[in-house]
Amino acid sequence: MRNIIYEKVNLSKNIPALVEYFGKENFDMKKYFYIPPHWHRSIELTFITEGELVGVINGKRIRVQGGDFIFVNSGDVHEIEKYQGKVCQGVILILSYDFIKSVYSNIDNIRLDIKELGCKKHRLCEIFLEMKKFSLNPKELDYIKINSYIYEVLHILLSNCIISMDKDYTENYFKYREKQKEILTYISENYKKDLTLDHIAKHFYMSSGYFSRKFHQWFGVNYKLYLSQFRLHKAYEDIVNTEGSIQDIATYHGFLNVKSFINLFKEKYRMTPLKYRKYLKESRNDTKMDKKEQQ
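Residues numbered from 1 in each chain as written. Predicted model: local features only at pLDDT ≥ 70, side-chain atom pairs only at ≥ 80, totals over all residues. Heavy atoms only, no water.

**Some thoughts on the overall build of the chain**
Summing up its helical and strand segments, the chain has ten helices and nine strands in all. Put simply, the chain has 295 residues, and 46% of those count as buried. Per element, the accessible surface of the chain, about 16000 Å² overall, is 51% carbon and sulfur. (Helix = DSSP H or I, 4+ residues; strand = E, 2+ residues; numbered from the N terminus. Buried < 20%, exposed > 50% of the residue type's maximum accessible area, 1.4 Å probe, protein only. Areas by Shrake-Rupley, 256 points an atom, 1.4 Å probe, with all protein chains shown as cover.)

Right, here's the structure in full:
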């Protein structure tokens, strides 16, 4: 998954979906990861095979453990987090919006809730475990079988999980969802600036108090904390992937001073940026040594 507010999903070859397995076989399980609030038109379904993930979907906090699913409707604003040192493995399926639309033209006017799966949940788990096998040991013609699973998953969801919504709820839901997307997009494009509460509230023709209340309601966190966490997320990528100075990285990503950045980073990752960079390098070296010893 790409770290942008509107996520254009890159599909797997010959498949109208993105299918990926993440686990000890292909992912650094010691590493912390965080996907900030974003949205896409596709439907996203993740089966957690082991461990747990936490996140927020449309302002509602979730904690999903092994044997259960994270489900994201088309257009929903969502974020996902795995804590450092915690084990988490699973299979992600993101169904292309264009594919769904071609199969079920009314997709824009419905909501799905996987709590309505009932006895079909067992079958859905089986399908995801099968897709895990394909992801770990891919073969030339696997896409044919995976496509059959994708159609079956979509049939299960549309046959069992459509929930009714009254007209007022539907109108308010879609109206506010568009406003959420506008706000998140604006922050992503301007987070390096001095983006005060007064500034952004004025930009969206709201009072500071009203904007603050709605932001907390929609995203489950106050605006100031969200902005700091978003800046931290962006800076984190430079900490782990470049050799840039901590001062330059903090300034570039909108922090007023390096001390506040270091304190926030330490609160999140339990060590300073420099120590964390060193920790990851040592972890990668250990992994390389383990692979050499196994050969």
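Still to come is the rest of the account.
**Overview of helix 2 (residues 120-136)**
Given a rise of 1.5 Å per residue, 17 residues ought to cover 24 Å, and the 25 Å separating the end C-alpha atoms of helix 2 matches this to within 8%. For helix 2, the full list of buried residues reads Leu124, Cys125, Ile127, Phe128, Met131 and Phe134. Check the buried side of helix 2 and you find it contacts strand 1 (17-22), strand 3 (43-57), strand 5 (68-72), strand 7 (88-95) and helix 3 (142-160). (Expected span 1.5 Å × (residues − 1). Contact = heavy atoms within 4.5 Å.)

**Here we look at the confidence of the model for the chain**
Residues with a pLDDT of 70 or more make up 85% of the chain, whose mean pLDDT is 85. In the predicted structure, residues 1-6 sits below a pLDDT of 50 and forms 25 contacts with residues beyond four places in sequence or in another chain. (pLDDT = per-residue confidence, 0-100.)

**Re unusual backbone geometry**
The backbone of tyrosine 205 sits at a positive phi, close to 55 degrees, despite the residue not being glycine. Among the structural elements, tyrosine 205 can be located in the loop between helix 5 (197-203) and helix 6 (208-219). Phi angles above zero are rare outside glycine, and arginine 270 is one such case at about 65 degrees. Mapped onto the elements of the fold, arginine 270 is located in the loop between helix 9 (258-269) and helix 10 (273-294). According to the relative accessible area criterion, arginine 270 is exposed, its value standing at 58%.

**Let's talk about the pattern of salt bridges**
Side-chain pairs of opposite charge can arise where the charged atoms are in close proximity. Per the counting criterion, the structure on display carries eleven salt bridges. Close ionic contact of glutamate 81 with lysine 268 constitutes a salt bridge, the shortest N to O distance being 2.9 Å. In this pair, glutamate 81 is assigned in strand 6 (residues 78-82) and lysine 268 in helix 9, connecting sequence segments 187 residues apart. Residue classification places lysine 268 among the partly exposed positions, given a relative accessible area of 24%. (Salt bridge = Lys/Arg side-chain N within 4 Å of Asp/Glu carboxyl O.)

**A short note on helix 3**
Taking 1.5 Å of rise per residue, 19 residues should cover 27 Å, and helix 3 covers 27 Å from first to last C-alpha, within 8% of that figure. For helix 3, the set of buried residues is Asp142, Ile146, Asn147, Tyr149, Ile150, Val153, Leu154, Ile156, Leu157 and Leu158.

**Notes on the environment of arginine 213**
Position of arginine 213 among the secondary structure elements: in helix 6. For the pair arginine 213 and tyrosine 223, spaced ten residues apart in the sequence, the C-alpha separation amounts to 9.1 Å.

**So, the packing of aromatic side chains**
For any pair of aromatic rings, geometry is given as the distance between the ring centres together with the angle between the planes. Summed over all chains, the structure comprises 22 aromatic pairs. With a centroid separation of 5.2 Å and an interplanar angle of 90 degrees, the aromatic rings of phenylalanine 99 and tyrosine 151 are classed as edge-to-face. One end of the pair, phenylalanine 99, is in helix 1 (residues 97-103); the other, tyrosine 151, is in helix 3, with 52 residues separating them in the sequence. According to the relative accessible area criterion, tyrosine 151 is partly exposed, its value standing at 47%. Taking 5.7 Å as the distance between ring centres and 85 degrees as the angle between the ring planes, the aromatic pair formed by tyrosine 186 and phenylalanine 204 counts as edge-to-face. Placement of the pair is tyrosine 186 in helix 4 (residues 167-190) and phenylalanine 204 in the loop between helix 5 and helix 6, with a sequence separation of 18 residues. Counting every residue linked through ring pairs, the aromatic cluster contains Tyr186, Tyr191, Phe204, Phe211, Phe215, Tyr223, Tyr226 and Phe230. (Phe/Tyr/Trp six-rings, centres within 6.5 Å; stacked < 30°, edge-to-face > 60°.)

**With respect to the pairing of strand 4 (residues 60-65)**
When strand 3 meets strand 4, the two strands line up antiparallel, connected through six bridges. Across the sheet, residue valine 54 finds its bridge partner in strand 4, namely arginine 63. In this antiparallel pair of consecutive strands, strand 3 and strand 4, the connection spans two residues, and asparagine 58 shows a positive phi of 50 degrees. (Pairing = 2+ DSSP bridges.)

**Points about the environment of cysteine 88**
If you trace the backbone, cysteine 88 turns up in strand 7. The buried category is assigned to cysteine 88, whose relative accessible area is 0%.

**Topic: the side chain of glutamine 229**
Along the chain, glutamine 229 falls in helix 7 (residues 223-241). Since its relative accessible area comes to 18%, glutamine 229 is described here as buried. Leaving out residues up to four positions away in the same chain, glutamine 229 has contacts with Leu264 and Lys268.

**A word on the packing of helix 7 against helix 9**
Direction vectors running N to C along helix 7 and helix 9 enclose 85 degrees, while the axes themselves pass 11 Å from each other. In this view, helix 7 runs roughly perpendicular relative to helix 9, as classed from their interaxial angle. Within the contact between the two elements, helix 7 uses Ser228, Gln229, Leu232, Ala235, Tyr236 and Ile239 and helix 9 uses Phe261, Leu264, Phe265, Lys268 and Tyr269. (Axes fitted to C-alpha atoms, helices over the stretch in contact; angles between N-to-C directions. Parallel < 35°, antiparallel > 145°, perpendicular 65-115°, else oblique.)

**Topic: the pairing of strand 2 (residues 33-38)**
Burial of strand 2 is extensive: six of the six residues sit out of reach of the surface. Two strands pair when backbone bridges link them, and strand 2 and strand 6 are joined in this way by four bridges, in the antiparallel orientation. Residue pairing in the sheet places phenylalanine 33 in a bridge with lysine 82 of strand 6.

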